[in-house]
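# Architecture at a glance
Residue-level listing of the chains:
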Amino acid sequence: MARGVRGPVSLRLRVRLLVLVIAPCPQPVGAASLLPTTISAMSKQLSFKLVLLGESAVGKSSLVLRFVKDQFDDYRESTIGAAFLTQIVTLDDGSTIKFEIWDTAGQERYKSLAPMYYRNANCAVVVYDITQSASLDKARTWIRELQRQADPSIIIALCGNKSDLEARRQVTKEEAQKYAEEEGLLWTETSAKSGEGVTEIFNTIARKLPTSPPPGARGATTSASRAAPGANGAPRGVDLNKQPNAAGGGDACNC
Amino acid sequence: MEHTRPSLRTSAAPRSRSRSHTPSPSARHFPRLLHSSMSYSSLPSSAGVAPTVPTAPALPPHLSVAVAHDPSLPSSSSSSSVSGIELGENGSSSSGGMIMNTEVDVGTVDVEPDFKPPEGDAKKALREQLRRSLSKREAASDPSQRYQPKREPTEIDELESPSFDAFPVRQYFVLTNAGKPVFMSRRSPSDASTNDDRTNIMGIMQAIVSVFADDGDKIRCINAGRTRITFLLRSPLYYVCVSSWREPESVTRTHLEYLHLQILSVITASQLAKIFERRTNFDLRRLLGGTETFLHSFIEQLEFDLGISNASLCALKMDPVVRANIAEILVPPKELKDVLYVALVSSGLVVTLVRPKKHSIHPADLHILLNTLSSPSLASTPISWLPICLPKFDPNKFLHAYMSHLEEEVPNGSDGENTDGIAVRLAIMIPDKDGFERVRQWAGSVAEALSSSGLLESIASACRAHAYLPMDIGIPGLRHFVYKSRSLVQITMPAWAKPYDELDSRRRLVTLYQTLHDVLHARSGQPQGPLKLQYIRTDKESVMGWVTHPFELYLAMSPGLPKSAVVGAANAIARWIKREEGKLFLRDAPVF
């Protein structure tokens, strides 16, 4: 795997992130010495837990790899269990938030573990493969489960991956978009391979997350148990393709 | 959980219908091995071919094998030097040790001891057919297999054929007791069979198993010339290996057992039983999706991994003080008292293992963990959290593993020659599935401590310096050896040097080692019971295995040397190890 690509800078970042996460979040992080230089000037940073769900082989790990490292592997082994990654996103107002990402394995045997990952999640990206209509059915199942079981304030994005494989498309944009609007989900199509739409979906989610510190001490021990006010994400069912591009969002990290 | 010794069990079953007519090939030939012990040096080794494995169905006449019981071999002077060696306490099989001493106990986890193959009317005809054809072949081929010298020339021809033929890729199959395919190993490039063919083969395997099961019997293996088809029945799953390497049957069974344990690490024994209770026809591939890589990588590893064949672990060679410093950092704090093990691994070698006082780690569990850790999927993710069942710890429960990469902080402006791809992996096992946040916080501080104290860099340099060559010991003619400390349940061995840099030579040597191990531990049920010393000479090398109280030693020397030189070398190695053991082995790792 593209391990050799990593340069010294990202190595440093990795270690520092490990150190960073010790603090119970969300909490302002003022320790400038621990932060990569580009964001060290920031005075506050919130952490949000994001979970990726979807059938196996739809490209969840590839999406995350594109988002976190801006890389793509043509061949990836299936994820085992769940991978935990972090990425920092700069918002339009210059503030930053940190995503703590759970990239879950799509295999059936891990199904029963999913609640552990989405239980306290602030946001979920449910991924399907536009070339496999069955994967959209699976995505629907996940969304139903999230709506029933997850925190009611969870922001759910439906994401049709592999948009570069237009010739093999089985799921039309209209079908998916209509479903997303009915359910009040964010929706977009992405290509982890070309990078199209990837930063945008994460940035859109980032903008919809509550920026004020959470009321009360609920879940102070975990970073993710933000009780976001339900009204916060008011206009649901946004078509990301019609939105202005999230300028500069992807440059937040010096990876 | 039932621990069995496969070879013992099968040889004890008088009704065993294995096509090998005696409990096992090596047992069958054992009397001959003994007879030849007096004349090992005069036997011609000039047949022009290497008799690869002496326990093959037909023992080539030019093979020189000697067996000697302890007192006869080491000269009195050298044996006294050996008796001076003391490697710690002996009662290592007690749970007080870091790693469980299992010796011959590869162990089995019987999911469902009762063997009940599904019945079907249509199968009856097939079964009858099989029964007829199997007995016919037995009648036709067995005498020649056992006694007829006529077979020898063809066997020699096989051995003389190009090297890629000598060790054809072993084939592994896993199927359900209903005949559904679960897993197939990769084919060799020359194998023209399609996947359909192989699926059909599994149907036949299931039928063969059920023929014997009808009589309340379990098939162990079929010997067909050079090729042996070994069956391991762990209902609801059957494991089959087709091998022409002539390794002892016990070795193949160990391999199959490990595949079984690896599957149990993904789907626990109780889950398996439950699934197949409900639906005997279940297609397990759906549940195993994505774990084929574990099995493929295990199969690759089983070819050469002497740690697995000796049921021991292989530690990274390093300064004991540095190792102790690292281990100190890895002792979990009070809040994490429920942690089961903490392992630090680099390049597949164990740096250190920290465990609670009351648990020893079973080597099989450790190999499962190491194999899982080496999977490319985990290698490409900085932090993973996954359920894993360590079947020797508890075959019915999942533990949760936090696995992360520790990478060195590269100081700005340094020329960056330090870590060059040496990955250090931290694995923390905990029973609590919601323990991730707790573990992550601590793991972060461990990473920070290891990195800031420079210990991570020490590990990387130890990795680079780990390998040593047989020449380094300074024993003329020594080509390779494996030394197992029985009390520490660890092995050490030099890097593969000439001629074993070549894969087929290495396969030949590993198979010889396995043969020695099999005979020394009487794993094929030889009437003499376990032995202390075993010497085998082929025209490619002479190998000797030696079991003492504190250690086991297997060594390979140039074939031209006299036996006394081999014995002398064995003593010299034991002395060398004694001097180096502080670095070679992991000792006194902290417990909590």
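Residues numbered from 1 in each chain as written. Chains lettered and ligands numbered in written order. Predicted model: local features only at pLDDT ≥ 70, side-chain atom pairs only at ≥ 80, totals over all residues. Heavy atoms only, no water.

What follows is about the overall build of chain A. From N to C terminus, chain A includes 6 helices and 6 strands. Its helices and strands in sequence order give chain A the pattern α-β-α-β-β-α-β-α-β-α-β-α, from N to C terminus. In chain A, buried positions account for 57% of the 255 residues. A fraction of 72% describes how many contacts in chain A between residues 6 or more apart in sequence connect residues 24 or more apart. Here chain A has roughly 10,400 Å² of accessible surface; of this, 52% comes from carbon and sulfur atoms. (Helix = DSSP H or I, 4+ residues; strand = E, 2+ residues; numbered from the N terminus. Buried < 20%, exposed > 50% of the residue type's maximum accessible area, 1.4 Å probe, protein only. Contact = heavy atoms within 4.5 Å. Areas by Shrake-Rupley, 256 points an atom, 1.4 Å probe, with all protein chains shown as cover.)

Here we come to the sheet that holds strand 3 (residues 181-184) of chain B. Strand pairs in the sheet, formed through backbone hydrogen bonds, run parallel or antiparallel to each other. Residue and element names in this part refer to chain B. The strand order across the open sheet formed by 5 strands is 3-2-6-5-4, and the pairing between neighbours is antiparallel. On the outer flanks of this sheet lie strand 3 and strand 4 (221-224), each paired with one strand and no other. With strand direction ignored, the average angle separating the axes of adjacent strands in the sheet is 15°. Pairing geometry for strand 2 (residues 171-176) and strand 3, over 3 bridges, is antiparallel. Bridge pairing in strand 3 places Val-174 opposite Phe-183. Each of strand 2, strand 3, strand 4, strand 5 (227-234) and strand 6 (237-243) touches helix 8 (residues 195-214); the most contacted strand, strand 2, lies at about 65° to it. Packing of helix 9 (residues 249-266) onto the sheet brings it into contact with strand 2, strand 4, strand 5 and strand 6, and relative to strand 5 it is tilted by some 40°. (Pairing = 2+ DSSP bridges. Axes fitted to C-alpha atoms, helices over the stretch in contact; angles between N-to-C directions.)

What follows is about the packing of aromatic side chains. In this structure the tally under the stated criterion is 18 aromatic pairs over all chains. On the numbers, 5.4 Å between centres and 70° between planes, the contact of Trp-385 of chain B with Phe-436 of chain B is edge-to-face. Of this pair, Trp-385 of chain B sits in strand 10 (residues 383-388) while Phe-436 of chain B sits in helix 17 (residues 436-452), placing them 51 residues apart in sequence. Comparing Trp-385 of chain B with Phe-436 of chain B shows no difference in burial state: the two are buried. Ring pairing ties together the aromatic residues Phe-84, Trp-102 and Tyr-117 of chain A together with Trp-385, Tyr-402 and Phe-436 of chain B, which thus form one cluster. For Arg-170 of chain B, the ring lying beneath its charged end belongs to Trp-245 of chain B, and the centroid distance is 3.6 Å. A cation over an aromatic ring shows up here: Lys-563 of chain B above the ring of Tyr-535 of chain B, its NZ or CZ 5.8 Å from the ring centre. (Phe/Tyr/Trp six-rings, centres within 6.5 Å; stacked < 30°, edge-to-face > 60°. Lys NZ or Arg CZ within 6 Å of the ring centre and 35° of its normal.)

Let's shift gears to the pairing of strand 9 (residues 349-354) of chain B. Residues and elements named next belong to chain B. In terms of burial, strand 9 is largely enclosed, as 6 of its 6 residues are buried. Relative to strand 9, strand 8 (residues 341-346) runs antiparallel, the two sharing 5 bridges. Its bridge partner being in strand 9, Leu-344 is matched across the sheet by Thr-352. Here strand 8 folds back onto strand 9 in antiparallel fashion, the turn holding 2 residues, of which Ser-347 has a positive phi close to 50°.

Next up on the list: helix 4 (residues 133-149) of chain A. All names here are of chain A. Under the 1.5 Å per step criterion, the end-to-end length of helix 4 is 25 Å for 17 residues, consistent within 8% with the ideal 24 Å. Within the span of helix 4, buried status applies to Ser-135, Leu-136, Ala-139, Trp-142, Ile-143, Glu-145 and Leu-146. On its buried face, helix 4 sits against strand 1 (45-54), helix 3 (114-118), strand 4 (123-129), strand 5 (155-161) and helix 5 (173-183). (Expected span 1.5 Å × (residues − 1).)

Residue and element names in this part refer to chain B. Considered for burial, the residues of helix 14 (residues 320-329) that qualify are Val-322, Arg-323, Ile-326 and Ala-327. Mapping the buried residues of helix 14 onto a view down its axis gives an arc of 135°, with all of them on the same face. Counted as exposed and oriented over 90 degrees from the buried face of helix 14: Val-321 and Glu-328. Among the structural elements, strand 8, strand 9, helix 17, helix 18 (455-465) and helix 20 (563-584) are those in contact with the buried residues of helix 14. (Arc of directions from axis to C-beta.)

The next thing to look at is the environment of Val-171 of chain A. Residues and elements named next belong to chain A. Mapping Val-171 onto the fold places it in the loop between strand 5 and helix 5. Through-space distance from the C-alpha of Val-171 to that of Ala-134 is 9.2 Å; in sequence the pair is 37 residues apart. Residues in contact with Val-171, not counting those within four places in the same chain, are Tyr-128, Asp-129, Ile-130, Gln-132, Ser-133, Leu-136, Ala-176 and Glu-189.

A word on the UniProt feature "domain: FUZ/MON1/HPS1 first Longin" (unreviewed entry) in chain B. As annotated in UniProt, the feature "domain: FUZ/MON1/HPS1 first Longin" (unreviewed entry) corresponds to residues 171-297 of chain B in the numbering used here. As annotated, residues 171-297 of chain B has a helix share of 46% and a strand share of 23%, and its two end C-alpha atoms lie 14 Å apart. (UniProt positions renumbered as here; feature names shortened; annotations may be inferred.)

Right, let's get into unusual backbone geometry. All names here are of chain B. Cis geometry is found at the peptide bond from Ser-235 to Pro-236, where omega equals 10°. As for its position among the elements, Pro-236 is in the loop between strand 5 and strand 6. The amide bond that connects Lys-498 to the next residue, Pro-499, takes the cis arrangement and shows omega of 0°. By secondary structure assignment, the location of Pro-499 is in the loop between strand 14 (490-492) and helix 19 (503-520). The backbone of Ser-347 shows a phi angle near 50°, a positive value even though the residue is not glycine. You can see Ser-347 is positioned in the loop between strand 8 and strand 9.

Our next topic: the environment of Ser-235 of chain B. Residue and element names in this part refer to chain B. By secondary structure assignment, the location of Ser-235 is in the loop between strand 5 and strand 6. Look at Ser-235 and you get buried, because its relative accessible area is 5%. Separated by 37 residues in the primary sequence, Ser-235 and Leu-272 place their C-alpha atoms 9.4 Å from one another. There is a polar contact of 3.2 Å between the side chain of Ser-235 and the side chain of Asn-177. (Polar contact = N/O pair within 3.5 Å; in protein donor to acceptor, adjacent residues only side chain to side chain.)

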